[in-house]
Amino acid sequence: SDHILTAAASRSGSVTKARILSMRFLTYRGRLANLRRPELTTTTTTMKKRSLFCLAEARKLSLDVRWRDTSGERTAAICSQAAVDHFGAHTPLSEITAGDVDIWRRKLLAAGSRPATVNKKVSALRAMLSDAYLRGHLQSIPRLPQQLKLRNLKDRIFSDQEVQLICSWFNQAGHPAAADPLVFLLETAARWGEAEALRGEDVDLAKDRVTFSKTKA
């Protein structure tokens with residue numbers, strides 16, 4: 001009986017070794033098959049490149065394909081740079097989460113930014129994510145929080161008396177030249193950037209007319 005048990009144990013050990021060798025062979029064969037399939041390597045490389053597409057690259061892309069030569073280019077450049085400054089230029093887009101955006105928004109609000117300004121900055125980030133995804137640099141677009149609710153306040157117009165008081169203050173402070181741009185902006189309802197972009201041919205002194213070629217409204 002001892003001889004029978006020994007023989008059985010020997011056969012069992014041989015079977016176990018054979019199974020181990022067979023599993024190792026199958027693993028090796030599978031790896032070899034993968035090496036012979038270049039599409040797998042290409043796919044892996046592409047996914048790695050997508051995951052490493054960083055925020056600075058996304059900003060450069062959106063500035064070129066979305067915002068260039070538009071009336072909101074300057075604002076978009078400022079808002080998108082704010083996102084880069086907070087998250088980091090080399091932060092991969094795929095690592096930005098809704099929680100990260102929540103933290104950023106709270107930081108902006110604590111620093112005194114208005115909800116409308118915060119929404120613009122987050123919208124710039126959302127646009128960069130969308131452009132990167134559309135052009136194959138991102139596998140999917142992360143879901144970001146909804147925009148902050150705004151309090152719809154009515155615009156208040158300065159009275160003539162208030163304008164005169166402000167102009168008087170400029171004169172008393174030794175800055176009389178600052179009063180003229182103020183009056184111009186109030187009379188035309190133009191933004192500072194729109195007034196700054198005016199050229200000589202946009203102003204007709206004979207007809208008291210100013211033409212704004214690019215406005216946000």
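No experiment lies behind these values; they were computed from the predicted model shown. (Residues numbered from 1 in each chain as written. Predicted model: local features only at pLDDT ≥ 70, side-chain atom pairs only at ≥ 80, totals over all residues. Heavy atoms only, no water.)

Engineer: Which residues make up the packing of aromatic side chains, and what are the values?
Structural biologist: Within the structure shown, the criterion is met by three aromatic pairs. With 5.4 Å between their ring centres and 70° between their planes, F87 and W104 make a pair best called edge-to-face. Within this pair, whereas F87 is found in helix α4 (residues 73-87), its partner W104 is found in helix α5 (residues 98-110), the two being separated by 17 residues in sequence. Taken individually, F87 and W104 each receive the classification buried, so the pair is uniform in this respect. When the centroid spacing of 6.4 Å and the interplanar angle of 45° are considered together, the rings of F184 and F212 count as tilted. With F184 in helix α8 (residues 179-188) and F212 in the segment after β2 (209-210), this residue pair connects regions lying 28 residues apart in the sequence. Judged by its relative accessible area of 24%, F212 is partly exposed. (Phe/Tyr/Trp six-rings, centres within 6.5 Å; stacked < 30°, edge-to-face > 60°. Helix = DSSP H or I, 4+ residues; strand = E, 2+ residues; numbered from the N terminus. Buried < 20%, exposed > 50% of the residue type's maximum accessible area, 1.4 Å probe, protein only.)

Engineer: With reference to specific residues and values, describe the confidence of the model for the protein chain.
Structural biologist: Chain-level statistics for the protein chain give a pLDDT mean of 81 and a share of 74% at 70 or above. With pLDDT under 50 throughout, residues 1-9 is counted as low confidence; its partners more than four residues away or in other chains account for zero contacts. (pLDDT = per-residue confidence, 0-100. Contact = heavy atoms within 4.5 Å.)

Engineer: Describe helix α3 (residues 55-67), listing the residues and the values that go with them.
Structural biologist: For α3, the complete set of buried residues consists of L55, A58, R59, L61, S62, L63 and W67. Elements in contact with the buried residues of α3: α4 and α6 (115-134). A positive phi of about 60° marks D69, the residue just after α3.

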